[in-house]
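Here is how the chains run, residue by residue.
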Amino acid sequence: MTDIWSERAEQYRTSDAHREGPDLDLVVEWATAAGVRTALDVATGGGHVARRLREAGLEVVSSDPAPGMSPDVVCRAEHLPFADGSFDLVVTRVAAHHFEDVRQSVREMARVASKLVIVVDNCFMGEEIEEAEKLRDPSHVRNYGAEEWRAFCEAAGLNVEEYRFFEKPILLQPWLDRCGCEGDDAVRVVELLGDRVQGTNVVLDRIALCCLKSKGGAVPA
Ligand SMILES: C[S@@+](CC[C@H](N)C(=O)[O-])C[C@H]1O[C@@H](n2cnc3c(N)ncnc32)[C@H](O)[C@@H]1O
């Protein structure tokens, strides 16, 4: 998994689908509104969340298991090598669908945050879309729905304060190319996507959740 992501690093750094978007703007808006000063960007990939938060004046540490992504710290979301409450804000964007153990990852993000956790990810859109995602990129684990996200967050000792949905149009061909999906596989992926393919785009549903650490403090094991 890590080598694959290191090989893909340049594509994710330069990808228009990743380096901008209303979901990225919302992360900055929520962080700014909360007045947080320090942040951890989990699964930073091309570093777009870290970059935008630094531009907004935050002190940011980035993490990712793929050394080729050049994170500040090489680690998986399931085991974050930081003390409890190390960062005001912990954020992860468009990556949790790759985490092998999403519940453990959310627990870890809640543990190392002192105030706020923000999660942005593609939403569950049905089993055919899951099949398409896995065929396009075998490192895809699963997209989750809003109620699943709420349950993961609450089980980690987080209160979901707000959530928003987005429709995310992504250029289809670069989306396939980023994962080296071509030939018959690409044809089958497009078939499975059905009416999610609109012109030259694939349109995905995306969710963003803004969560506060529960006042009680203790995070369930
Ligand atoms: C689509 S990229 C992330 C995009 C980036 N966060 C952004 O906003 O543009 C997905 C990233 O997840 C990372 N990743 C995969 N499995 C992971 C895990 N178990 N823990 C943390 N990161 C993981 C990959 O190395 C990759 O850099």
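## Details of the overall build of the protein
Moving on, step 1. Looking only at helices and strands, one finds ten helices and eight strands in the protein.
Moving on, step 2. Taken over C-alpha atoms, the radius of gyration comes to 17 Å for the protein, in line with the 17 Å a tight globule of 221 residues would show.
Moving on, step 3. Considered along the principal axes of its C-alpha atoms, the protein spans approximately 50 × 35 × 30 Å.

## Description of the environment of Arg 107
Moving on, step 1. Positionally, Arg 107 belongs in helix α6 (residues 102-112).
Moving on, step 2. On the basis of neighbour counts, which here come to 23 C-beta atoms within 10 Å, the residue Arg 107 falls in the buried class.
Moving on, step 3. With 48 residues separating them in the primary sequence, Arg 107 and Ala 155 have C-alpha atoms 7.8 Å apart.

## Considering the confidence of the model for the protein
Moving on, step 1. For the protein, the mean per-residue pLDDT works out to 95, and 96% of the residues sit at or above 70.
Moving on, step 2. Counting contacts from residues 217-221, a segment whose pLDDT is below 50, to residues more than four positions away or on other chains yields eight contacts.

## Regarding the site of the ligand
Moving on, step 1. Near the ligand there are 23 residues, and of these Trp 5, His 18, Ala 43, Gly 45 and Ala 77 occur at the shortest range.
Moving on, step 2. Considered class by class, the residues forming the shell around the ligand number twelve nonpolar, six polar and five charged.

## Observations concerning the packing of helix α7 (residues 127-136) against helix α10 (residues 183-193)
Moving on, step 1. Two elements in contact, α7 and α10, have axes separated by 8 Å at closest approach and are oriented at 160 degrees. Relative to α10, the element α7 lies roughly antiparallel. Crossing handedness for the pair α7 and α10: left-handed. Side by side, α7 and α10 meet where Glu 128, Ile 129, Glu 131, Ala 132, Leu 135 and Arg 136 of the first sit next to Asp 185, Arg 188, Val 189, Leu 192 and Leu 193 of the second.
Moving on, step 2. Residues that form the contact of α7 with α10 fall into these classes: six nonpolar, no polar and five charged.

## Brief notes about the packing of helix α4 (residues 22-34) against helix α5 (residues 48-55)
Axes are the key here: two packed helices are described by the angle between their axes and the distance separating the axes.
Moving on, step 1. As a packed pair, α4 and α5 sit with axes 10 Å apart at the nearest point and diverge in direction by 45 degrees. As judged from the angle between their axes, α4 and α5 are oblique. Of the two elements, α4 crosses α5, and the hand of that crossing is right-handed. The residues of α5 that touch α4, namely those facing Leu 24, Val 27, Val 28 and Ala 31, are His 48, Val 49, Arg 52 and Leu 53.
Moving on, step 2. Classifying every residue of the contact of α4 with α5 by side-chain character gives six nonpolar, one polar and one charged.

## Regarding unusual backbone geometry
Moving on, step 1. If you check the backbone angles, Ala 43 has positive phi at about 60 degrees while not being a glycine.
Moving on, step 2. Structurally, Ala 43 is set in the loop between β1 (38-42) and α5.

## Notes on the nonpolar core
Moving on, step 1. Counting residues in hydrophobic clusters, the biggest one holds 46 residues, and the most contacted among them are Ala 39, Leu 89, Val 90, Val 117 and Ile 118.
Moving on, step 2. Those elements that place two or more of their residues in this core are α4, β1, α5, β4 (87-93), α6, β5 (113-122), α8 (146-155) and β8 (201-213).
Moving on, step 3. Per-element accounting of this core gives the leading share, six residues, to β5.
Moving on, step 4. Not counting chain neighbours up to four residues away, the residues in contact with Leu 89 comprise Ala 31, Val 36, Ala 39, Ala 113, Lys 115, Leu 116 and Ile 118.
Moving on, step 5. The next biggest cluster of nonpolar side chains, apart from the first, holds eight residues, and it includes Ile 129, Ala 132, Leu 192 and Leu 193.

Definitions and limits used
Residues numbered from 1 in each chain as written. Predicted model: local features only at pLDDT ≥ 70, side-chain atom pairs only at ≥ 80, totals over all residues. Helix = DSSP H or I, 4+ residues; strand = E, 2+ residues; numbered from the N terminus. Rg over C-alpha atoms; globule rule 2.2 N^0.38 Å. Buried ≥ 20, exposed ≤ 12 C-beta atoms within 10 Å, placed from the backbone. pLDDT = per-residue confidence, 0-100. Contact = placed C-beta atoms within 7 Å. Near = placed C-beta within 6 Å. Nonpolar A, V, L, I, M, F, W, Y, C, P; charged D, E, K, R; others polar. Axes fitted to C-alpha atoms, helices over the stretch in contact; angles between N-to-C directions. Parallel < 35°, antiparallel > 145°, perpendicular 65-115°, else oblique. Left-handed = near helix turned anticlockwise from the far one by under 90°. Core = buried A, V, L, I, M, F, W, Y, C linked by C-beta atoms within 7 Å.

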